[in-house]
Protein chains: 2
Amino acid sequence: MALRVGVIGGGQLARMMIAPAVELGLDLRVLAEGEGMSAQLAATAVGDYHDLETVRAFVADVDVVTFDHEHVPQDILRALVADGVAVHPGPDALQFAQDKLVMRARLADLGVPQPDWAAVASEQELQSFLDAHDGQGVVKTPRGGYDGKGVRVVRAASDARDWFAAVPAGEALLVEELVPFVRELAQQVARRPSGEIAAYPVVETVQRDGVCAEVIAPAPAAAERLVEVAESIGIRIAEGLGVTGMLAVELFETDDERILVNELAMRPHNSGHWSQDGAVTGQFEQHLRAVADLPLGSTAPRAPWSVMVNILGGPAEGGLGERFASAMVAHPEAKIHTYGKDPRPGRKVGHVNVSSSDLDDAVYVARAAAAHFA
Amino acid sequence: MALRVGVIGGGQLARMMIAPAVELGLDLRVLAEGEGMSAQLAATAVGDYHDLETVRAFVADVDVVTFDHEHVPQDILRALVADGVAVHPGPDALQFAQDKLVMRARLADLGVPQPDWAAVASEQELQSFLDAHDGQGVVKTPRGGYDGKGVRVVRAASDARDWFAAVPAGEALLVEELVPFVRELAQQVARRPSGEIAAYPVVETVQRDGVCAEVIAPAPAAAERLVEVAESIGIRIAEGLGVTGMLAVELFETDDERILVNELAMRPHNSGHWSQDGAVTGQFEQHLRAVADLPLGSTAPRAPWSVMVNILGGPAEGGLGERFASAMVAHPEAKIHTYGKDPRPGRKVGHVNVSSSDLDDAVYVARAAAAHFA
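Everything numeric in this text was worked out from a predicted model, so none of it was measured.

## A few points about the domain arrangement of chain A
Residue and element names in this part refer to chain A.
- Taken as a whole, chain A is organised into domain 1 (4-87), domain 2 (116-176) and domain 3 (181-371).
- Taken over C-alpha atoms, the centre of domain 1 sits 23 Å from the centre of domain 3.
- In this assembly, 18 residues from domain 1 lie in contact with 19 residues from domain 3.
- Across the interface of domain 1 and domain 3, roughly 1600 Å² is buried in total on both sides, 66% from carbon and sulfur atoms.
- At the junction of domain 1 with domain 3, the criterion picks out 1 salt bridge.

## Points about the interface of chain A and chain B
- Listed as interface residues are 32 residues of chain A and, on the opposing side, 32 residues of chain B.
- When chain A packs against chain B, the two sides together hide about 3000 Å² of surface, and 57% of this comes from carbon and sulfur.
- When residues of chain A are sorted by the area they lose upon contact with chain B, E23, R302 and M328 of chain A head the list and together hold 23% of the total.
- Seen at the junction of chain A and chain B, the total is 4 salt bridges.
- The salt bridge partner of E285 of chain B is K335 of chain A, with a shortest N-O separation of 2.7 Å.
- Put simply, the parts of the chain that give the side of chain A that touches chain B at least two residues each are α1 (12-24), α9 (275-278), α10 (283-291), α11 (321-330) and β16 (335-338) of chain A.
- Of the residues contributing to the side of chain A that touches chain B, the split by class is 17 nonpolar, 7 polar and 8 charged.

## Here we look at the nonpolar core
- In this structure, L28, V30, V307 and V352 of chain A together with L28, V307 and V352 of chain B are the most contacted members of the largest nonpolar core, which totals 89 residues.
- If sequence neighbours within four positions are ignored, L28 of chain B has contacts with V5, V7, A14, M17, I18, A21, A42 and L288 of chain B.

## Section: the pairing of strand β1 (residues 4-8) of chain B
Residue and element names in this part refer to chain B.
- Judged by how many residues are buried, β1 sits mostly within the fold: 5 of 5 residues are covered.
- Burial of the side chains of β1 extends over both faces: R4, G6 and I8 are buried on one face and V5 and V7 on the other.
- As judged from the 5 bridges shared by β1 and strand β2 (residues 27-32), these two strands associate in the parallel manner. Residue G6 lies in a different strand from β2, and its bridge partner there is R29.
- At this point the chain moves from β1, through helix α1 (residues 12-24), to the parallel β2, and the crossover so formed is right-handed.

Thresholds, definitions, all that
Residues numbered from 1 in each chain as written. Chains lettered and ligands numbered in written order. Predicted model: local features only at pLDDT ≥ 70, side-chain atom pairs only at ≥ 80, totals over all residues. Heavy atoms only, no water. Domains from an automatic or database assignment. Contact = heavy atoms within 4.5 Å. Buried area = accessible area lost by both parts, 1.4 Å probe. Salt bridge = Lys/Arg side-chain N within 4 Å of Asp/Glu carboxyl O. Helix = DSSP H or I, 4+ residues; strand = E, 2+ residues; numbered from the N terminus. Nonpolar A, V, L, I, M, F, W, Y, C, P; charged D, E, K, R; others polar. Core = buried A, V, L, I, M, F, W, Y, C linked by side-chain atoms within 4.5 Å. Buried < 20%, exposed > 50% of the residue type's maximum accessible area, 1.4 Å probe, protein only. Pairing = 2+ DSSP bridges. Right-handed = clockwise from strand over helix to strand, strands pointing away.

Shown next as C-alpha cells:
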C-alpha cells in the first residue's frame with residue numbers, strides 16, 4: 001500500500017505537494033480549512049486544525065503528518081505525538097517557527113549570527129533598546145506574523161504603543177536592530193528524521209512591501225565563502241532545532257559581509273519555488289521525501305540561473321485562466337504555476353519560473369510572463 | 001472558472017496529466033474504467049467508455065475531452081461531436097490511430113515514407129506478399145493492438161492461419177515488409193486545434209519483447225538531416241491527419257539511412273516520458289495545452305542528454321514503495337515516476353528519468369535506479 005502523507009492546511013504549499021506525490025506514488029491527504037482551497041484535489045477532510053478531535057480523525061488514516069503552515073497549536077501537536085503519530089516537523093522544532101522570541105533565544109544558544117534583539121515588555125524597555133541602536137528598530141509580534149504582517153519599523157517606543165496594549169500580561173514583544181543589509185538571501189535545507197541533510201544553493205530574494213516578489217537562484221555574485229557560510233548556518237539550524245522536512249532560513253547580507261538570520265520557515269517556502277523547475281529535486285518533492293524519511297534527492301540546479309517571480313493580486317477583472325494564452329504565446333519557456341485562488345489585491349495567486357544560461361534573460365522573461373497576470 | 005479538461009481512461013497517461021494540470025490551474029476530470037486506477041486522484045466518474053450515455057454524462061461538465069488511450073469507439077466519438085462537444089483528438093484523426101490499414105492508406109496518400117504494406121484477406125494474398133519480400137513479413141491486426149500485441153513476424157502464410165480465422169468477413173489483416181532497421185526512433189509533435197505545431201527532438205527508443213524499454217533523448221549520433229526528416233514527417237502527419245494534442249510517430253531508421261513510419265499514437269506516449277524532466281515543457285503539460293488550445297510551450301531540452309528507463313513488472317514481492325529508499329539513496333539525481341499499479345510480470349508500473357551532460361552516465365544511472373524496482 002502506498003505511504004500516506006497527511007498535510008494539515010489546504011493552501012498553495014499543500015497544493016504544490018500534489019504533483020510530486022503523484023509521481024512518487026505517495027497517497028497525499030489534505031485537511032483543508034474549507035471547501036475550494038488551493039489543495040482541493042487532495043483534500044480528504046475539511047475542518048478546523050485548532051480542534052483536536054478533527055485533527056485526530058484526519059490523522060487516523062495517515063502514516064505521517066506534515067503541514068501547509070506553522071499555525072497548528074502546540075497542544076494539538078503534542079497530543080498527536082503522545083498518540084504515537086509521526087509528526088514532521090515535530091512540536092519541539094515547530095515552536096521555534098511559531099514564536100520568534102523562542103527562536104531568537106535558541107539561535108543565540110547555537111551561536112548563529114543574528115541581529116541584536118531583545119524581549120521588551122514595555123515602552124520603557126523598547127526605548128532603552130532603541131537608544132542603544134541609533135534610535136531605531138524593528139518590532140515584531142512573536143506569534144502569528146507572516147508576509148510582513150506583525151512587523152513594524154519604529155523610531156520611538158510610542159510607535160508600538162498599540163501593540164503593547166494588545167500584548168497579554170506577562171508576555172513581551174520582540175525588537176531587533178534595523179540591519180543595514182545590502183540584500184536578502186534565503187537558504188533552503190532539507191532534513192530527514194534519520195538525520196540526512198541536503199542543502200540547496202543560497203538564493204537572493206527581493207521583497208516588496210514585506211512580501212517576496214522575486215527570487216534568483218543561485219544568489220548572483222555570491223563569493224564562495226558566503227555560499228559556504230549560508231549553507232553552514234542552514235545546517236546548524238536544521239540540526240540544532242531538530243527540523244524535519246524543508247527549512248527555509250531568510251538571511252540578511254550586510255555591507256560588511258556578515259550574514260544574519262532574519263526569519264525561519266519549517267516547510268516549503270516561497271524562496272524555494274524556483275526549485276520546482278530549476279533544481280533536480282524541487283522543494284515540494286524534497287519535503288515529501290524528508291517527512292516520509294525517504295532518501296533526499298539531488299539539490300543540483302538544472303540550469304545556471306533560475307528566476308521566480310510571484311504573481312501578486314492577479315487581474316483586476318476575470319480569473320488567471322484568461323491570461324494564460326497571452327503569457328504562454330509570448331513566453332513559451334516560462335513555467336506558470338497557479339494556486340487556484342481568486343484574484344485579490346496583494347494576494348499570492350501564482351508564480352512563474354524561468355531557467356536560462358543567461359541571468360538577464362531569465363529575469364526579463366519571468367517578469368514579463370508574470371506581468372500578463374497583473 | 002478554471003477550464004475543465006475531461007480525460008477518458010484512467011491509466012498512467014491520465015495520471016501523469018494530473019501534475020501539470022494542477023500547476024496550470026486546469027480542472028482535470030477523469031472517466032476511469034474502475035476504482036483504484038492509476039489516475040484515481042482525478043477520477044470524477046467511473047464507467048464504461050463503450051456506453052454512450054456514460055460518456056455523455058461524464059462530458060456534460062467539461063470544456064474539452066481528451067484521452068488516456070485510443071480505444072473509444074468511433075460511433076461514441078462522433079455522437080459527442082454531434083452533441084457539440086470539443087473532442088481532441090477528434091474522430092477523424094483518431095480513426096488513423098485506431099485502424100492501421102486506414103493509417104497505412106492515408107500515409108501513402110500523404111507520401112510519407114513507410115514500409116511496403118498490403119491489406120491481405122487470405123493466406124493466398126499474404127503468401128503473395130511474402131513471396132515478393134524475401135519470404136517474410138510482419139502481420140498486424142488492424143485494430144486493438146498495443147505494446148507488441150497483435151503483431152507477429154511470419155515466414156509462411158500459414159503462420160497467420162489463426163488470425164485469418166478470426167477476421168470478420170469482409171475485413172483484412174495488414175502485412176508489412178520486415179524492415180531491416182538499425183534502430184528505432186520516435187518523433188513527438190504537439191498540435192493545437194488552431195494549427196500551432198511544436199516538435200520535440202527525435203529520440204531513440206529501445207524495445208524489448210515488443211515493449212518500450214529505454215528512450216534516449218535526443219537520438220544519439222543523429223545527423224542533422226535525420227533530425228530534420230523526422231521532424232518533417234511528424235509535422236506532415238500531424239497536419240495531414242488533423243491531429244490535436246500530442247502525436248508520437250514511431251520510426252525505423254534503416255541501414256541505408258531511410259526513415260520509415262512504424263506506428264502512430266495520438267496521445268502522450270512512452271517514448272515521450274523523458275520530457276517530463278528533460279524538456280522545458282513535458283509532453284503531459286504540452287498535451288493539456290494543445291487540447292485546451294492554449295499556446296504550446298518550449299520543447300527545448302533542459303540538459304544535453306535525458307534517458308528514460310521503464311520499470312517493467314515491478315518487484316516479485318511487495319510494492320514499489322518498499323524499493324524507493326534503496327533506489328533514492330543510491331541515485332539522488334534519478335526522477336522516479338510510479339503509476340500506482342500493483343506489480344505484475346511485464347506490466348509498465350513506472351519509469352525513471354535521468355538527465356546529464358554525459359550520456360553514458362545518464363544511461364547507467366537510469367538503468368541502475370530502475371533495477372532497484374525489479
